[in-house]
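Reading the structure
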Amino acid sequence: MKEKVAILGGGASGISCGYHLKKLGIQSTIFEKDSDWGGLCGNFSIDGFRFDRFVHFSHTSNKYVKNLISNSTPLNIHKPEASNYYKGQWLRHPAINNLYPLSPVERRKIITDFILSSSKKKKINNYEDWLKNQYGDYFAEKFPMQYTQKYWTVPAKSLETKWVGNKMHRSSIDQILQGAFSNHDRTDYYANQMRYPKVGGYRSILNGMKKDVNVILNKKVIQIDSEKKNIIFSDKTSTNYDILVSSIPLVSIVNTIKNIPNYIKSECSKLLSTSGYLVSIGLDKPCIPKHLWFYIYDISILPSRVYSPSLKSSENVPEGCSSLQAEIYFSKKMELNYDEQEILDRTIKSLLDMNVIKSKNIILKHIRRENFANIVFTPDIYNSSLIVKNYLKSKGINLIGRFGEWKYLWSDQAILSGKKVARSIHRSIKNE
């Protein structure tokens, strides 16, 4: 068996690459290690409740991707109205613009430090410096630095800053003062709407592309011989290829390459990514969740963020029900000292204590582990990932997606990543 183009991974970037190759007249086969397609854009169902693999919305401004998505599935349009939980108080998002629920003492400290930081900018050496320059010491220490530890699993001072871009809201003193002295309902967010499929969960945004590609499931790669252009799978089957595309995480694919040099393994060991637990909860009544999603800053509470699949789409739950899902992150830099049952129990207890849910309404409890959640922007990331990627490219392996490119890609960017490589392959074939 021989594939003209073999694509490893059936997530957003892999589906996109296969789709765009076919549009260019090139056949490919996508090999997916899991029993279903979609990668982190995929979902799972339990007793009629559907849950995505981590929170997902589309907020892309790219017209091409917007058309792909809208042609794939009907969409619900949500306002980006998130909330924040901090020491028993609920603040609209972004918290810096919605300080009204806090005590006068805390509001004064935050505003004073913000003004001081605006007049005395310091040299930025790391993400902690960036946060303090942006928000002032007090807010930075109590809010984003706490969240960084929970979400990224390392202190803010251990991160560099090139990744930030428009991912963090930048406030003016007018916005902060207005939100500190009035309980306004203005939304300040980097996107003005969030799109989510009406049916089928988030991966439905890929439906239009998926119908035109060939995906073979349960094909976990255990060895790649780049010299013979051969792939061996865990089910003891194999395939040869002319061109190889991979969305497999860099830190995983190096372990499959035959005769991989030790220096490449060494560079990979410097790369850090997070893993996550998803705690999924089914509730026996509709409209129980009050927030589309919310962030939790208290270090003592395990989840970093919580969201409602049933508010994203009522089709995600049985009739008359609602649902929540919480995300808890860990890595080799921050292990969790609890087993899965303890994580499940502690998360539910926290949500009960926060008065988000009531015990009597819970009809489903589930915990699931995801080995790859996000890449972490430690100082080694750019040099080490570049060395590894250049080596893989020298072996004829084209890299796509968040973990293949080792970049902080949203789903729309992952789709464009697959498209870009498809066009590159097309050009190389034309020039043969």
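To be clear, the structure that these remarks concern was listed above.
The structure contained in this document is the topic of the report that follows. (Residues numbered from 1 in each chain as written. Predicted model: local features only at pLDDT ≥ 70, side-chain atom pairs only at ≥ 80, totals over all residues. Heavy atoms only, no water.)

Now for a nonpolar patch on the surface. The grouping of Ile115, Ile173, Leu177 and Phe181 at the surface amounts to a nonpolar patch, some 360 Å² of accessible area in total. Broken down by element, the residue count for the nonpolar patch peaks at three residues, all from helix H7 (residues 173–181). Here Leu177 shows up in helix H7. (Patch = residues over 30% accessible without salt bridge, like charges linked within 9 Å, V, L, I, M, F, W, Y side chains within 5 Å. Areas by Shrake-Rupley, 256 points an atom, 1.4 Å probe, with all protein chains shown as cover. Salt bridge = Lys/Arg side-chain N within 4 Å of Asp/Glu carboxyl O. Helix = DSSP H or I, 4+ residues; strand = E, 2+ residues; numbered from the N terminus.)

So, on to helix H4 (residues 127–135). Of all nine residues that make up H4, eight are buried, and the element is covered over most of its length. On its buried face, H4 sits against helix H3 (104–119), helix H5 (137–142) and helix H6 (144–151). With a side-chain oxygen lying 3.1 Å from the backbone nitrogen of Glu128, the N-terminal cap of H4 falls on Asn126. Of the residues trailing H4, Gly136 is marked for its positive phi of about 90°. (Buried < 20%, exposed > 50% of the residue type's maximum accessible area, 1.4 Å probe, protein only. Contact = heavy atoms within 4.5 Å. Polar contact = N/O pair within 3.5 Å; in protein donor to acceptor, adjacent residues only side chain to side chain.)

Quick look at the layout of surface pockets now. In this structure, the second largest pocket encloses a volume near 320 Å³. Forming the walls of the second largest pocket are 15 residues, and the residues nearest its centre are Lys393, Leu399, Glu405, Lys420 and Val421. Of all the secondary structure elements, the ones that give two or more residues to the lining of the second largest pocket are helix H13 (381–394), strand E18 (397–399) and helix H15 (411–430). Here the residues of the lining of the second largest pocket sort into five nonpolar, five polar and five charged. (1 Å grid on protein atoms, 1.4 Å probe; cavity = no way out; pocket = protein on both sides within 12 Å on 5 of 7 lines; lining within 4 Å. Points joined across faces, edges and corners; volume = space filled by probe spheres on them. Nonpolar A, V, L, I, M, F, W, Y, C, P; charged D, E, K, R; others polar.)

Attention now goes to the environment of Ile288. With respect to the helices and strands, Ile288 occurs in the loop between strand E13 (273–283) and strand E14 (293–296). By relative accessible area, Ile288 is classed as buried at 14%. Measuring from C-alpha to C-alpha, the distance between Ile288 and Arg107 comes to 31 Å, with 181 residues separating the pair along the chain. Not counting the four nearest positions on each side in its chain, Ile288 is found in contact with Leu283, Ser322, Val356, Ile357 and Asn361.

A separate point is a positive patch on the surface. Together, Lys285, Lys290, Lys358 and Lys360 give the surface a local cluster of positive charge. By the element assignment, Lys290 lies in the loop between E13 and E14. Looking at Lys290, the relative accessible area reads 67%, which means it is exposed. (Lys, Arg positive; Asp, Glu negative; His and termini not counted. Charge placed at Lys NZ, Arg CZ, Asp CG, Glu CD.)

Note: strands within a sheet are paired through backbone hydrogen bonds, in either parallel or antiparallel orientation. The seven strands lie next to each other as E7-E6-E14-E15-E16-E13-E17, forming an open sheet whose pairing is mixed. Each having just a single partner strand, strand E7 (89–92) and strand E17 (362–375) make up the two edges of the open sheet. Within this sheet the neighbouring strands show an average axis-to-axis angle of 20°, counted without direction. As paired elements, strand E6 (residues 83–86) and E7 share four bridges and run antiparallel to each other. Among the inter-strand pairings, Tyr85 is bridged to a residue of E7, identified as Trp90. Most of the contacts of helix H12 (residues 340–353) go to E17, to which it runs at about 110°, and overall it touches E13, E14, strand E15 (305–307), strand E16 (322–330) and E17. (Pairing = 2+ DSSP bridges. Axes fitted to C-alpha atoms, helices over the stretch in contact; angles between N-to-C directions.)

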